[in-house]
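Chain and residue survey
What follows is each chain in one-letter form.
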Amino acid sequence: MDANTRFNFSAIDKKWMKRFADEPVNVYSDGKPSLYYLAMFPYPSGTGLHVGHWRPYVINDIMCRHQMLKGNYVMQPMGWDAFGLPAENYAIQTGVHPAKTTAESIVTFKKQLDDIGAALDWSREINTSDPAYYKWTQWIFIQMFKKGLAYEKDMLLNWCPSCKVVLANEESVGGCCERCGETATKKHLRQWMLRITAYAERLLNDLDGLDWSYKVKKMQTDWIGKSYGAEITFDVKGTDKEITVFTTRPDTLFGATFMVLSPEHELALQVSDPIHYEAVKQYINETSAKSNIDRMAAKDKTGVFTGAYAVNPVTGEDMPIWVADYVLIDYGTGAIMAVPAHDERDFEFASKYGLVIRRVIARDEDDTGIMEAAYAGEGVMVNSGFINGQKSKDAIESVANHLEKEGLGKKTVNYKLRDWVFSRQRYWGEPIPLIHCPICGVVPVPDAQLPVELPYVESYKPSDTGESPLSRIEEWVNTPCPQCGAASKRETNTMPNWAGSSWYYLRFADPHNSEAPISPEAMKKWVPVDLYIGGVEHAVLHLLYVRFYTKFLYDIGVVDFEEPFKRFFCNGMINLNGSKMSKSKGNYISPDDIIACYGRDVPRLYILFVGPPEMDSEWDENGIEGVFRFMGKAWKLVSENAGKTAKPTKELLFARNKLIKDVTERLAAFSFNTVVSAFMEGVNKLLDLSKSSGVDKETLETLIILLAPFAPFTSAEMWEITGHSTPLFAQKWPVCDESALRVDEITIVIQINGKVRENISVPAGSDKEEIIKAARTAAKPKFPQEQPLKEIYVPNKLVNFVF
RNA sequence: GCCCGAGUGAUGGAAUAGGUAGACAUAACAGACUUAAAAUCUGUCGGAGGCAACUCCGUGCCGGUUCGAUUCCGGCCUCGGGCACCA
């Protein structure tokens with residue numbers, strides 16, 4: 001595939017890469033309305049970029065360049081999400097400092113991003129591992145701490161034994177580490193948490209106003225997981241203790257025949273009677289040793305009886321209290337009322353341990369009442385005292401109201417969202433800027449002492465105990481308390497790698513500000529982001545965290561908006577041989593090879609042409625060859641017609657304006673693959689017309705300007721060879737002249753009983769009667785009878801004769 | 001298990017306020033040019049039947065609504081994704 005023997009686009013790239021560097025393309029719209037288009041910044045890994053990574057950058061650049069030509073000033077910055085485990089793990093193996101490897105990776109990445117040909121504004125480059133940047137990451141954390149949103153908690157956590165680090169709920173995927181896939185175990189640790197749950201309702205509600213894909217909104221909605229229900233309090237028989245449960249089905253209260261506490265529930269041992277105490281204790285110990293995945297994978301539900309009973313507030317009946325690990329401590333209240341007849345899990349548990357199963361909902365009139373499985377659907381209440389005969393849907397409300405009136409419970413909501421485990425037991429991250437003072441307690445580092453710089457260490461090795469490598473640096477750890485001066489110790493945990501990326505979009509607007517994360521002026525001018533582009537892998541993690549940070553920054557007055565990204569476009573991946581491109585597995589296409597062969601514009605166009613941008617697509621060698629042929633044709637069209645004079649014939653005007661219309665409309669719809677189709681169709685048509693009438697100057701110019709965002713280098717060269725000295729990106733995006741698209745004749749489809757039978761041409765502007773008459777004449781020979789029963793007429797499109 | 005999304009030629013994919021299914025491209029085949037190849041250009045290209053004009057069938061499967069369904073509705077099947085004992 002030595003494409004250079006055919007046409008050398010690389011030479012054009014070289015020339016215009018230099019020109020664009022000397023004279024940035026966005027200067028022509030300086031002072032115009034400002035937009036901010038952002039593609040997710042990368043983690044500068046040691047492996048570099050492959051063409052599978054190109055998609056969001058190419059799309060963003062095209063959108064930016066299009067806006068420049070529409071007379072807007074667009075900020076398209078780029079930076080580095082530079083903290084992260086791979087660099088640290090590499091350091092453990094080799095002893096090379098993560099800062100060094102990261103700096104080297106950045107050099108490679110910068111070149112590779114420039115290779116995409118994007119008009120990136122490097123004057124705004126940021127790096128999350130730069131103390132000048134993370135000063136503000138730490139400052140934001142301190143503001144959260146001051147507002148009570150950051151808190152310390154001793155808790156049982158997901159722990160990755162391979163990364164030797166705790167996992168946030170979002171980082172534990174199916175009980176495994178999101179990063180390395182290792183099965184997560186449980187560990188008791190003192191950790192810093194962020195109270196993201198305090199924002200659950202806002203994070204959920206504000207999704208409504210966002211121009212994001214349904215898919216991503218749905219993922220976030222499900223992750224937040226709001227459920228409506230009631231909290232109900234049960235007395236523990238013979239004690240003054242109470243058990244509060246959360247249920248979404250208060251209608252089934254009459255069918256609640258036993259209670260289940262999570263093994264971690266504080267009452268589990270407290271309510272146990274002496275006979276059962278040891279068994280309960282042993283069960284609690286056993287379950288705490290199990291990993292999440294073992295708990296989930298268990299085929300059989302297990303549990304122990306405590307010997308205690310609660311009282312059902314509506315039936316007055318005794319309910320044995322059990323402890324079982326199918327009840328989770330961190331959802332609801334960590335305790336449930338079990339309704340075995342109408343909950344699959346309770347049914348399974350009750351069946352195993354011989355507990356009472358009482359049906360309280362009849363599915364329909366034919367319901368025999370024999371229960372072979374739980375019935376969780378709707379129906380009519382039975383065996384349910386004052387709600388007998390009600391529809392279960394209505395009974396939810398009746399029971400909840402009754403409980404509220406009697407003071408036995410209240411309506412409430414619950415979320416699946418958990419607070420964010422925010423500390424990490426690793427070196428290569430932002431130090432948490434807190435000091436533990438024996439007198440004052442936890443004290444934030446004063447602003448004047450920020451940033452708390454990451455100290456140099458000899459050994460990066462993480463420990464199995466959950467101690468950060470930083471804890472071994474005595475001279476760094478020991479520090480006087482900023483408040484009372486007493487000998488104190490620094491917090492040695494670092495922040496998760498999501499911290500820096502949770503507000504970076506703000507910093508691009510004001511990257512060098514040493515007084516604040518962002519100035520009010522820069523904030524007003526640039527943010528929120530007008531368009532954000534990136535992969536679906538961040539749909540819950542990063543995107544949820546950024547939204548949370550933004551809402552917090554709104555609350556403390558740093559920004560005046562609550563959502564960071566007005567529009568988010570979620571791009572699909574580009575695969576090779578049916579699976580994700582991966583450099584380590586050797587399954588990838590090297591950008592260097594592609595650029596050497598085709599230059600930069602061809603792969604840009606191919607990335608768009610490969611398939612709908614929101615879907616995963618497959619890289620195809622032959623496909624890029626087709627785009628290369630198209631570029632060759634476009635070049636031929638322009639270069640052969642550049643010096644000539646030709647009249648703008650009706651056909652040329654039509655082709656020109658159709659191209660404007662198609663490209664503009666499809667671009668606005670993010671249908672990039674069909675934009676490329678429109679170019680191919682348009683160029684084929686113009687080449688065809690050039691044989692007879694030539695191609696007029698303005699049509700050539702129009703084509704070049706339209707093509708400019710997509711293939712900026714070749715277009716710039718074309719612009720020059722058509723005799724222009726003014727810069728291409730200072731031109732105006734063409735506007736379609738609808739009058740040029742008018743045609744003299746239109747095609748009318750004739751159907752008989754809904755099947756296409758004829759095509760006729762009629763003069764444009766013919767009225768209904770004329771068209772039907774012409775259709776009738778044309779189709780008459782095919783009529784099965786003299787007269788149709790009905791004539792359906794669709795204006796300017798079709799006539800259907802029905803018999 | 002629950003919740004989303006998607007099934008269209010040999011292939012990637014077009015086209016849905018319901019109105020000529022297969023745009024654009026790839027592959028394949030045939031031809032032109034060439035000593036030859038590459039490149040380039042032209043033609044054919046969903047299936048079946050027919051010399052032909054044409055006819056019938058065809059957008060995962062079954063049914064429905066409609067003059068007309070790839071598009072809307074109901075029920076299945078397959079694939080992809082999210083969540084996963086969330087009470």
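Residues numbered from 1 in each chain as written. Chains lettered and ligands numbered in written order. Predicted model: local features only at pLDDT ≥ 70, side-chain atom pairs only at ≥ 80, totals over all residues. Heavy atoms only, no water.

**What to know about the packing of helix α21 (residues 650–668) against helix α23 (residues 697–707)**
Inclusion rule: Note on definitions: angles span 0 to 180 degrees between N-to-C directions of axes, and those axes are lines fitted to C-alpha atoms, for helices only across the stretch in contact. Helix and strand definitions follow DSSP, with helices as H or I runs of at least four residues and strands as E runs of at least two, each counted in order from the N terminus. Any angle from 65 to 115 degrees is called roughly perpendicular, while one under 35 is roughly parallel, one over 145 is roughly antiparallel, and all others are oblique. Take the far helix as the reference: if the near one is turned anticlockwise from it by less than a right angle, the crossing is left-handed, and if turned clockwise, right-handed. Whether two residues are in contact is decided by their heavy atoms, any of which lying within 4.5 Å being enough. The residue classification treats Ala, Val, Leu, Ile, Met, Phe, Trp, Tyr, Cys and Pro as nonpolar and Asp, Glu, Lys and Arg as charged. All others, Gly included, are polar.
Two numbers describe how α21 lies on α23: the axes approach to 10 Å, and their chain directions differ by 15°. Taken together, the axis directions place α21 and α23 in an arrangement best described as roughly parallel. Remark: the crossing between α21 and α23 carries left-handed chirality. Of the residues in α23, those in contact with Leu652, Arg656, Leu659, Ile660 and Val663 of α21 are Glu698, Thr699, Thr702, Leu703 and Leu706. Partitioning the contact of α21 with α23 into residue classes produces six nonpolar, two polar and two charged.

**Description of the sheet that holds strand β27 (residues 617–618)**
Note the following rule: We call two strands paired when DSSP finds no fewer than two bridges between them.
On the basis of which strands lie adjacent, the open sheet formed by three strands has the order β26-β25-β27 and mixed pairing. Two strands lie at the open edges of the sheet, namely β26 (579–580) and β27, each paired on one side alone. Note: strand β25 (residues 574–576) against β26, two bridges, orientation antiparallel. Within the sheet, the bridge partner assigned to Leu576 lies in β26 and is Ser579.

**Notes on the nonpolar core**
The test is simple: Joining through side-chain atoms within 4.5 Å is the link that ties buried Ala, Val, Leu, Ile, Met, Phe, Trp, Tyr and Cys residues into a set, and such a set is a nonpolar core. When a residue's accessible area, from a 1.4 Å probe over protein chains only, is under 20% of the maximum for its type it is buried; when over 50% it is exposed; and in between it is partly exposed.
Core analysis: the biggest nonpolar cluster contains 179 residues, and Trp420, Tyr505, Tyr549, Trp619 and Phe679 have the highest contact counts within it. Take this core: its biggest share by element is ten residues, from helix α22 (residues 672–692). The contacts of Trp619, once residues within four sequence positions are left out, are Val51, Ile574, Asn575, Leu576, Met581, Ile589, Ile594, Tyr606, Ile607 and Ile624. Of all hydrophobic cores here, the second largest spans 45 residues; its members include Leu261, Ile284, Val304 and Ala350.

**Things to note about the confidence of the model for chain A**
For the record, the criterion: Values of pLDDT, ranging from 0 to 100, describe the predictor's confidence in every residue of the model.
Mean pLDDT over chain A stands at 91; residues scoring 70 or higher make up 99%. Across the interfaces of the predicted complex, the ipTM metric reaches 0.95, alongside a pTM of 0.94.

**Notes on the packing of aromatic side chains**
Aromatic ring pairs are defined here through the distance separating the ring centres and the angle between the ring planes. Note the threshold: Geometry of aromatic contacts follows a simple scheme: Phe, Tyr and Trp rings, the Trp one being its six-membered ring, pair when their centres are within 6.5 Å, and the pair is stacked under 30 degrees between planes, edge-to-face over 60, tilted otherwise.
The final tally for this structure, using the stated rule, is 45 aromatic pairs. The interplanar angle of 45° and the centroid separation of 5.8 Å between the aromatic rings of Trp16 and Phe20 together place this pair among those described as tilted. Of this pair, Trp16 and Phe20 both sit in helix α1 (residues 9–22), four residues apart, which is roughly one turn of the helix. The two residues Trp16 and Phe20 agree in class, both being buried. The interplanar angle of 90° and the centroid separation of 6.2 Å between the aromatic rings of Trp80 and Phe109 together place this pair among those described as edge-to-face. Remark: Phe109 occurs in helix α4 (residues 98–115) and Trp80 occurs in the loop between β2 (73–75) and α3 (85–94); sequence separation between them is 29 residues.

**Quick notes on the protein's contact with RNA strand B**
This is how the line gets drawn: Here a residue counts as near a molecule or strand whenever at least one of its heavy atoms sits within 4 Å of it. Polar contact is the term for a pair of N or O atoms within 3.5 Å; when the atoms are in protein, one must be able to donate a hydrogen and the other to accept it, and sequence-neighboring residues count only if both atoms are side-chain atoms.
In the vicinity of RNA strand B lie 49 residues, with Thr248, Lys301, Arg345, Lys416 and Asn800 positioned nearest. Put simply, 65% of the atoms of RNA strand B that lie within 4 Å of the protein are in sugar or phosphate. Gln751 has a polar side-chain atom sitting 2.8 Å from a base nitrogen of RNA strand B. Here the surface near RNA strand B gets six residues from one element, more than from any other, and that element is α22. Here the surface near RNA strand B is built from residues that sort into 20 nonpolar, 15 polar and 14 charged.

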